[in-house]
Amino acid sequence: MSDPINVGSVDAIDEGEAMVVPGDENGTGEDIAIFHAEDGNFYAINDECTHETASLAEGWVEGTEVECPVHSARFCLKTGAALCLPATVAARSHKVEVKDGEILLFPHAGA
Ligand code: FES
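Going by an unreviewed UniProt entry, the protein carries the name 3-phenylpropionate/trans-cinnamate dioxygenase ferredoxin subunit and comes from Paeniglutamicibacter cryotolerans.

## Quick notes on the packing of aromatic side chains
Note on aromatic pairs: each is described by the distance of the centres and the angle between the planes. For the structure on display, the rule yields zero aromatic pairs. Over the aromatic face of F106 sits the side chain of K95, whose NZ or CZ is 4.7 Å from the ring centroid.

## Some details on the pairing of strand β4 (residues 42-46)
Burial analysis of β4 places five of its five residues in the buried class, the great majority of the element. For strand β3 (residues 32-36) and β4, the ladder comprises five bridges, and the chain directions are antiparallel. Within β4, the position partnered with I34 by the bridge is A44.

About the thresholds
- Residues numbered from 1 in each chain as written.
- Predicted model: local features only at pLDDT ≥ 70, side-chain atom pairs only at ≥ 80, totals over all residues.
- Heavy atoms only, no water.
- Phe/Tyr/Trp six-rings, centres within 6.5 Å; stacked < 30°, edge-to-face > 60°.
- Lys NZ or Arg CZ within 6 Å of the ring centre and 35° of its normal.
- Buried < 20%, exposed > 50% of the residue type's maximum accessible area, 1.4 Å probe, protein only.
- Helix = DSSP H or I, 4+ residues; strand = E, 2+ residues; numbered from the N terminus.
- Pairing = 2+ DSSP bridges.

Next up, the structure:
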């Protein structure tokens, strides 16, 4: 597994909000959104909605799900699974750890 990226303090992302780590910084070439979910944990999935073109970081967090701001598909922040139409394809998820108050992202490149 590649080295994690320290994306900053846990205080940098308020609960219900997200931060985007650009693809050229995370090494996958695809933007990754890190969410501070309403369960208090941090989760990372690719920022782009799998339906059309939309930033999921600009969507709405409810619990451990995010709703796309364009056509309202919902994704599980824990797994990236598409939970309702119009999205049918999961968003790639990435491992996140919190260590000493810092958020560590382990980008997972696609197969
Ligand atoms: S672009 Fe996200 S649901 Fe259509």
